[in-house]
Amino acid sequence: MTIPRHLAVIMDGNGRWAARRRRPRVIGHRAGARAVNLCIDFCLERGIAALTLFAFSSENWGRPEEEVGALMKLFLNALDREVVELHRRGVRVRFIGERERFGAQIRERMESAEAQTAGNTRLALNIAASYGGRQDIAAAARALARDVAEGRLEPEDIDEAAFASRVALADLPPPDLFIRTGGDMRISNFLLWQLAYTELWFTDTLWPELDAATLARALDDFAGRERRFGLTGEQAAALETPA
Ligand code: IPE
Ligand code: IPE
Ligand code: MG
């Protein structure tokens, strides 16, 4: 069975999960933390090498102050609680997104989590926090412009590869599989550049209800797909490297 090397996940549906129980949205976010661990365990068990989780979008800053504040507390607690265990299990943790928008405490914890786990190789876990795909692309354009202005790069040399090396997760293969829970079929400004040829999979399951069986279904579906990358089916089959 073909296993994705890199899985990208939009963890959506926490608010609706709580609303169904007539509880405040933050209860849904708290319940969602369990599903994060489940998803990481699943990747470790299946030998998926990279996992990118969308935790908080650039646009999520516009939510009610109370919800944003509660989410920040949850991030802080999760960073305090989980990093030791992640490290023990060989997980390398990294954060992508506009980190400067977080408070000093969270930024420090992010840096220390990254430093502590930098040498791990079992699973590359990327947390997209204050992340936006458009912001990512704009930042890459800014980096290219800076390189040109400072004489390190010629405008003629700006090509796909130059761009790709300046967006987030440049050192990883692009996601093979994208999963979104919560039933909405959209990308919501997640990895726009990186998802160009990613296989998309959607489920109505709300994030806090996620279980291993649902993830297994996504992987089964993925294994049955023919990825053609713009070529003919025949050409694509010839490209496939034997497992
Ligand atoms: C995803 O769940 C978590 C974040 C965006 C932080 P939501 O909070 O978007 O839940 P719904 O989509 O409103 O149910
Ligand atoms: C996407 O979910 C962001 C995260 C899961 C972190 P949203 O709930 O913010 O997306 P929309 O608003 O439904 O598009
Ligand atoms: Mg949502």
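Keep in mind the model is a prediction, meaning the values are calculated, not measured.

Turning our attention to the nonpolar core. With 44 residues, the main nonpolar core has V9, L51, L53 and L125 as its most contacted residues. Ranked by the residues each element gives to this core, the list is headed by helix α3 (residues 65-88), at nine residues. In this structure, L51 is in contact with H6, L7, V9, C39, I40, C43, L123, A124, L125 and N126, ignoring residues within four places of it in sequence. By size, the runner-up hydrophobic cluster in this structure holds 15 residues, among which are A8, I10, A50 and L195.

Once that is clear, we can look at the pattern of salt bridges. Side chains bearing opposite charge may pair, as long as their charged atoms lie close to each other. Per the stated rule, a full pass over the model turns up 23 salt bridges. Ionic pairing is found between D184 and R16, a salt bridge with its closest N-O pair at 3.7 Å. Of this pair, D184 sits in the loop between β5 (177-180) and β6 (199-202) while R16 sits in helix α1 (residues 14-20), and the two are 168 residues apart along the sequence. Its relative accessible area of 22% is what places D184 among the partly exposed residues. Of the charged contacts, one joins R166 and D147 as a salt bridge, the two residues approaching to 2.8 Å between their closest N and O atoms. Of the two residues, R166 is situated in the loop between α6 (160-164) and β5 and D147 in helix α5 (residues 133-149); the sequence distance between them amounts to 19 residues. Its relative accessible area of 12% is what places D147 among the buried residues. Taken together, the shared-partner salt bridges in this structure form one network comprising R5, D176, E199, D221, R225 and R227.

The rules behind each value
- Residues numbered from 1 in each chain as written.
- Chains lettered and ligands numbered in written order.
- Predicted model: local features only at pLDDT ≥ 70, side-chain atom pairs only at ≥ 80, totals over all residues.
- Heavy atoms only, no water.
- Core = buried A, V, L, I, M, F, W, Y, C linked by side-chain atoms within 4.5 Å.
- Buried < 20%, exposed > 50% of the residue type's maximum accessible area, 1.4 Å probe, protein only.
- Helix = DSSP H or I, 4+ residues; strand = E, 2+ residues; numbered from the N terminus.
- Contact = heavy atoms within 4.5 Å.
- Salt bridge = Lys/Arg side-chain N within 4 Å of Asp/Glu carboxyl O.

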